[in-house]
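# Coordinate inspection notes
Take a look at the letters that make up each chain.
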Amino acid sequence: MNRYPTRGSRQLRKGRHVKPGTYYLLTTSTIDRRPILSNPEVARIIFETFEWLETQDRIKWISVIVMPDHIHAVVQLGPNQTLTKIMHSFKMFTARRINEHRCESGSVWQEGYHDHGIRRDESLSKIIRYCYHNPVRRGLVKQARDYPYWRYKSKIE
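Scope of this entry: the structure provided in the associated data block. In this text, all values refer to a predicted model and were calculated from it rather than measured experimentally.

## Some words on the packing of aromatic side chains
- Per the stated rule, a full pass over the model turns up five aromatic pairs.
- Plain terms: the ring middles of F90 and W109 are 5.5 Å apart, the flat faces sit at 45 degrees to each other, and that makes the pair tilted. Taken together, the residues F90 in helix α2 (residues 83–102) and W109 in the loop between α2 and β4 (114–117) connect sequence positions 19 residues apart. We note that F90, like W109, is buried.
- Note on W150 and Y152: the rings are 6.1 Å apart at their centroids and 20 degrees apart in plane angle, and the pair reads as stacked.
- The lysine or arginine in question, R137, covers the ring of Y130, its NZ or CZ lying 4.1 Å from the ring centre.
- Its end group placed over the ring of W61, K153 keeps NZ or CZ at 4.7 Å from the ring centre.

Shown next, in the form of structure tokens:
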């Protein structure tokens, strides 16, 4: 019997220390990686949800990119918040709104998510730049600035 958790396992999150005020890169994918997110209305739902989470002092978002089958968000965790609470709220609300828009029902998001706590030795701008160029790497656009489903609170150099 393997006593170590497998990648993506809930066991990996047990005991993980989450600290308010820390920056995190969050990634979550649609169920079966269905490419349902590259729709202007769906992207708007996602961006508005991050705005709402910020107005509730749950996070401060730095950047959000909506890819066809997943999202990347760089956020700063608010006081008395956990990543689990944030992602649960995000997924529940957006799934309902996306299903309403698409006249569908059922799961929108895969179970779980990936988080990466951004440490001092890492460059926040390097991680944001990585997300910014994701549509180019995926062949969706020739230049990152041409991708429409991207929000950032400051200019990218």
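Read on for the rest.
## Here we look at the pattern of salt bridges
- Throughout the structure, instances matching the rule amount to eight salt bridges.
- The shortest N-O distance in the salt bridge between E104 and R34 comes to 3.8 Å. A residue pair is termed long-range when its members are at least 10 positions apart, and E104 in the loop between α2 and β4 and R34 in the loop between β1 (23–29) and α1 (40–55) qualify at 70 residues.
- With relative accessibility at 37%, the residue E104 sits in the partly exposed group.
- The partner of R102 in a salt bridge is E104, with the nearest N and O atoms 2.9 Å apart.

Rules used in this analysis
- Residues numbered from 1 in each chain as written.
- Predicted model: local features only at pLDDT ≥ 70, side-chain atom pairs only at ≥ 80, totals over all residues.
- Heavy atoms only, no water.
- Phe/Tyr/Trp six-rings, centres within 6.5 Å; stacked < 30°, edge-to-face > 60°.
- Helix = DSSP H or I, 4+ residues; strand = E, 2+ residues; numbered from the N terminus.
- Buried < 20%, exposed > 50% of the residue type's maximum accessible area, 1.4 Å probe, protein only.
- Lys NZ or Arg CZ within 6 Å of the ring centre and 35° of its normal.
- Salt bridge = Lys/Arg side-chain N within 4 Å of Asp/Glu carboxyl O.

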